[in-house]
Amino acid sequence: MLFWFLTVMALGSALMVVFSKNPVHSILWLIVTFFSISGHYVLLNAQFLAIVNIIVYAGAIMVLFLFVVMMMNLNDISSPLKNKWLKFAGVISGCSLLLVLIAALKDTGTMQQEVLLNTGKIGLINNLGTVLFKDYVLPFEISSVLFLSAMVGAVVIGKK
Amino acid sequence: MNILALDWAFAIEKMVLIAIVISVSLVIAMYATYAERKVAGFIQDRHGPNRAGPFGLLQPLADGLKLFFKEEVIPNHSNKWLFVLGPCLAMLTAMMTSAIIPWGGTVEIGGRMIDLQIADINIGILYVFGVVSMGVYGIMIGGWASNNKFSLMAALRGASQAISYELAMGLSLIALLMLTGSLSLKTIVEQQISGNWWNIVYQPLGFFIFFVCALAECNRAPFDLPEAESELNMGYHQEYSSMKLGFFLFAEYINMFISCAIIATLFFGGYDMPFVDETKLSGMTALLTGVAALFGKTFILIFVFMWIRWTLPRFRYDQLMNLGWKGLIPLALLNMVVTAAIALYTMK
């Protein structure tokens with residue numbers, strides 16, 4: 001029941017992101033999408049993932065998006081994409097991405113597994129922390145170094 | 001239909017609790033406006049509001065009535081939907097944070113254990129951060145939809161200020177969470193009640209950073225740059241009138257009340273009455289002293305917020321950013337590392 005509601009909300013708002021004329025509206029719809037995805041996480045009892053999704057994506061990254069769009073004042077430009085070949089190429093590449101994703105997910109075996117609704121404990125914060133810092137500590141540290149280098153790069157570019 | 005199979009008594013209990021918490025926060029926010037002007041009057045050596053009712057106690061009602069009866073203006077060039085959405089979001093996010101604060105202990109009424117907390121969720125304090133990070137949108141959307149340069153500038157200022165201070169706030173909190181080992185506010189309060197000192201004794205620096213960041217997050221002076229009258233006219237709510245303006249102003253006071261309650265919970269023992277052993281009191285008395293203790297602490301903190309507002313001058317924008325990024329964040333990192341080292345050392 002809740003699942004269907006959230007799914008319709010996620011897909012509907014994702015479509016609205018693409019179809020809205022005004023870029024600020026697109027961003028707001030994208031925030032709604034993030035909220036419905038967080039709702040799905042809560043249904044899977046992954047509260048930590050849900051709230052981090054909201055804090056990081058909806059709360060921080062989207063604010064920066066909104067900043068850029070507001071500063072550039074894109075309202076008056078109605079449709080920047082006029083070239084029909086460009087649209088054609090976009091449709092083709094989108095479809096092939098969908099194809100690749102479906103092909104990749106087809107054989108993973110997750111389809112057969114029952115999803116643990118409301119009972120899974122892996123999403124709770126202490127279990128997640130234990131797994132992250134015991135089994136996956138090396139990938140975790142490497143990705144944090146990657147983030148750090150991205151930050152340094154941004155500062156270097158900003159100083160130029 | 002499993003949607004009908006829920007525990008109705010539980011649902012009703014929570015509904016009543018939500019209604020009480022929201023109406024209490026509204027009343028307190030209403031009288032916070034009165035208290036603010038009385039405190040300002042006291043600090044500036046004048047009377048403050050004293051015409052409506054005894055001691056001017058009816059002043060907030062008069063103000064509310066005035067706002068309701070004002071003409072509602074929606075500017076022609078504004079974005080109508082977003083213009084209305086802005087104050088709604090500000091109010092909504094201000095209210096949502098109250099859901100996880102434990103207002104008091106547990107009491108037994110008619111065979112049911114009733115918790116004076118709307119939801120004791122696993123992620124606890126992170127929920128507050130989630131909601132606070134949403135609070136930026138009220139200001140941003142309102143400021144942008146007004147289609148006014150001053151509003152837009154104020155909105156951008158407000159958002160960048162909120163984002164910058166959220167970081168230091170989170171870092172100062174990590175140090176506290178290392179000591180408590182739990183994100184749930186209820187557990188944090190219970191740890192402080194059961195024999196230990198309050199958290200402020202262990203985390204004085206963390207409390208200081210958290211407090212400064214809370215001031216900045218509530219857009220209170222000396223961090224009230226988004227509404228700096230002298231440079232931005234009225235800031236992000238310049239184009240607003242009537243109750244939509246009222247919502248923005250009101251949300252600020254609710255935010256102040258809620259953040260004081262959270263500070264009291266995290267650092268000052270929540271509903272722990274000092275020098276009293278709650279376990280010796282009977283159920284109802286213990287509950288009431290607990291609630292009274294929490295509200296007492298909250299009111300003292302609100303008074304400190306007001307005191308700061310009426311005594312300190314406003315920062316300049318670059319000073320604000322310097323303080324946030326070069327002052328508070330390194331300090332919070334230092335606090336975090338020291339706390340981690342001590343926690344590790346004492347654990348062995």
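Positions within a chain are numbered from 1, following the residues in the order the chain's sequence is written. Each chain takes a letter, starting from A, and each ligand takes a number, starting from 1, following the order in which they are written. In view of the model being predicted, local features appear only for residues whose pLDDT reaches at least 70, and side-chain atom pairs are presented and counted only at 80 or more, with totals across whole chains, interfaces and linings using the full set of residues. By convention in this description, side-chain values take in all heavy atoms of the structure and omit both hydrogens and water.

**Considering the side chain of lysine 14 of chain B**
All names here are of chain B.
- Runs of H or I in DSSP of at least four residues are treated as helices and runs of E of at least two as strands, each being numbered from the N terminus. Structurally, lysine 14 can be placed in helix H1 (residues 8-43).
- Categorising residues by exposure relies on relative accessible area from a 1.4 Å probe, with only protein chains included: less than 20% of the type maximum marks a residue as buried, more than 50% marks it as exposed, and the intermediate range marks it as partly exposed. Since its relative accessible area comes to 13%, lysine 14 is described here as buried.
- In this view, lysine 14 contacts Gln117 and Ile118; residues no more than four positions away in its chain are not counted. Between two residues, a contact is recorded if the distance between any of their heavy atoms is within 4.5 Å.

**Thoughts on helix H1 (residues 2-19) of chain A**
Residue and element names in this part refer to chain A.
- Under the 1.5 Å per step criterion, the end-to-end length of H1 is 25 Å for 18 residues, consistent within 8% with the ideal 26 Å.
- The set of residues buried in H1 consists of Leu6, Thr7, Ala10, Ser13 and Val17. All buried residues of H1 fall inside an arc of 145° around its axis, so they share one side. Facing away from the buried side of H1, by more than 90 degrees, are the exposed residues Trp4, Phe5, Val8, Leu11 and Phe19.
- Turning to H1, the residues buried within the fold contact helix H2 (23-43). Residue count minus one, scaled by 1.5 Å, sets the expected span of a helix. Working definition: the arc comes from the directions between the helix axis and the C-beta atoms, pointing outward to the latter.

**A few points about the interface of chain B and chain A**
- Contacts between the two partners involve 23 residues from chain B, matched on the other side by 24 residues from chain A.
- Buried area between chain B and chain A, summed over both chains or domains, comes out near 2,000 Å², and the portion from carbon and sulfur atoms is 81%.
- Throughout, the accessible surface (probe 1.4 Å) given up by two parts as they are put together, summed over both, is called the buried area. A per-residue breakdown of the area chain B buries against chain A is headed by Asn122, Tyr137 and Trp144 of chain B, which together make up 28% of the total.
- What counts as a salt bridge is simple: a side-chain nitrogen of Lys or Arg found within 4 Å of a carboxyl oxygen of Asp or Glu. At the junction of chain B with chain A, the criterion picks out zero salt bridges.
- For the purposes of these results, a polar contact is taken to be a pair of N or O atoms within 3.5 Å, where, inside protein, one atom must be able to donate a hydrogen and its partner to accept one; residues adjacent in sequence count only when each atom of the pair is a side-chain atom. Our enumeration of links across chain B and chain A arrives at two residue pairs in polar contact (both at pLDDT 80 or more).
- Of all the secondary structure elements, the ones that give two or more residues to the side of chain B that touches chain A are helix H4 (125-145) and helix H5 (149-180) of chain B.
- Tallying contributions element by element places H4 of chain B first for the side of chain B that touches chain A, with 11 residues.
- Ten residues, namely Ala, Val, Leu, Ile, Met, Phe, Trp, Tyr, Cys and Pro, are considered nonpolar, four, namely Asp, Glu, Lys and Arg, are considered charged, and the remaining ones, Gly among them, are considered polar. Here the side of chain B that touches chain A is composed, by residue class, of 18 nonpolar, five polar and no charged.

**Some details on a nonpolar patch on the surface**
- Residues enter patches when their relative accessible area tops 30% and they take part in no salt bridge; the joining distance is 9 Å for like charges and 5 Å for the nonpolar side chains Val, Leu, Ile, Met, Phe, Trp and Tyr. Residue exposure ignores everything except the shown protein chains as possible cover, and the areas themselves are Shrake-Rupley values with a 1.4 Å probe. Among the surface-exposed residues, Leu132, Phe133, Tyr136, Val137, Leu138 and Ile142 of chain A lie close enough to one another that they form a single nonpolar patch of about 580 Å² accessible area.
- With respect to the secondary-structure elements, phenylalanine 133 of chain A resides in helix H5 (residues 125-134).

**Examining unusual backbone geometry**
- One non-glycine residue with positive phi stands out, namely aspartate 45 of chain B, at about 60°.
- On the secondary structure map, aspartate 45 of chain B appears in the loop between H1 and helix H2 (59-69).

**Notes on the packing of helix H3 (residues 80-96) of chain B against H4 of chain B**
Residues and elements named next belong to chain B.
- The angle between two axes is taken between their N-to-C directions and runs from 0 to 180 degrees, where each axis is a line fitted to C-alpha atoms and a helix contributes only its stretch in contact. Their axes nearest at 8 Å, the elements H3 and H4 cross at an angle of 160°. As the angle between them shows, H3 and H4 are arranged roughly antiparallel. For the element pair H3 and H4, the recorded crossing hand is left-handed. Where H3 abuts H4, its residues Leu82, Phe83, Leu85, Gly86, Leu89, Ala90, Thr93 and Met96 lie against Tyr127, Val131, Met134, Gly135, Tyr137, Gly138, Ile141, Gly142, Trp144 and Ala145.
- Broken down by class, the residue content of the contact of H3 with H4 amounts to 13 nonpolar, five polar and no charged. Each angle is binned into one of four classes, with values under 35 degrees roughly parallel, values over 145 roughly antiparallel, values of 65 to 115 roughly perpendicular, and all other values oblique. Left-handed describes a crossing in which the near helix is turned anticlockwise from the far one by less than a right angle; the clockwise case is right-handed.

**Side note on the pattern of salt bridges**
Residue and element names in this part refer to chain B.
- One pass over the structure, following the stated rule, counts four salt bridges over all chains.
- We note a salt bridge from arginine 309 to glutamate 36, for which the minimum N-O separation is 3.3 Å. Of this pair, arginine 309 sits in helix H11 (residues 283-311) while glutamate 36 sits in helix H1, and the two are 273 residues apart along the sequence.
- One salt bridge in this structure joins aspartate 63 and arginine 37, with 2.3 Å as the shortest N-O distance.

**What to know about the layout of surface pockets**
- In this analysis, the protein atoms alone were mapped onto a 1 Å grid. Cavities are point sets where a 1.4 Å probe fits without being able to get out; pockets are open sets with protein on both sides within 12 Å along at least five of seven lines; lining residues have an atom within 4 Å of a point. Grid points are joined across faces, edges and corners, and a volume is the space filled by probe spheres set on the points. By volume, the largest pocket amounts to about 2,600 Å³.
- Forming the walls of the largest pocket are 47 residues, and the residues nearest its centre are Phe48, Val52 and Val56 of chain A together with Leu171 and Ile174 of chain B.
- Those elements that place two or more of their residues in the lining of the largest pocket are helix H3 (47-72), H5 and helix H6 (137-159) of chain A together with H4, H5 and helix H12 (317-347) of chain B.
- Here the element with the most residues in the lining of the largest pocket is H5 of chain B; it accounts for 11 residues.

**Some remarks on H2 of chain B**
All names here are of chain B.
- By the burial criterion, the buried members of H2 are Gln59, Pro60 and Leu67. Burial along H2 is one-sided: seen end-on, the buried residues are contained in an arc of 100°. More than 90 degrees from the buried face of H2, the exposed residues found are Leu65, Phe68 and Phe69.
- At its buried positions, H2 is contacted by H1 and helix H10 (242-267).

**Remarks on the packing of aromatic side chains**
All names here are of chain B.
- Pairs were defined over the aromatic rings of Phe, Tyr and Trp, the Trp ring being its six-membered one, requiring ring centres within 6.5 Å. Orientation was assigned from the angle between planes: stacked under 30 degrees, edge-to-face over 60, tilted for the rest. Here the structure, examined in full by the defined rule, presents 16 aromatic pairs over all chains.
- With 5.5 Å between their ring centres and 70° between their planes, phenylalanine 207 and phenylalanine 267 make a pair best called edge-to-face. You can see phenylalanine 207 sitting in helix H8 (residues 204-217) and its partner phenylalanine 267 sitting in helix H10, a full 60 residues away along the chain.
- What makes phenylalanine 207 buried here is its relative accessible area of 16%.
- Look at phenylalanine 267 and you get buried, because its relative accessible area is 0%.
- The rings of Trp198, Phe207, Phe210, Phe211, Phe267, Phe268 and Phe305 are connected pair by pair, giving a single aromatic cluster.

**Section: the state of the cysteines**
Residues and elements named next belong to chain B.
- To count as a disulfide, a pair of cysteine sulfur atoms needs to be within 2.5 Å. A complete count under the given rule lists zero disulfides over all chains for this structure.
- The closest cysteine sulfur to the non-disulfide-bonded cysteine 218 is located on cysteine 260, 7.3 Å from its own sulfur.
- Using a relative accessible area of 6% as the deciding quantity, one classes cysteine 218 as buried.

**Quick notes on the environment of alanine 145 of chain B**
Residue and element names in this part refer to chain B.
- Among the secondary structure elements, alanine 145 is positioned in helix H4.
- The class of alanine 145 is buried, set by a relative accessible area of 1%.
- Spatially, the C-alpha atoms of alanine 145 and histidine 77 are 8.7 Å apart, while their sequence positions differ by 68 residues.
- In this view, alanine 145 contacts Ser78, Asn79, Leu82 and Phe83; residues no more than four positions away in its chain are not counted.

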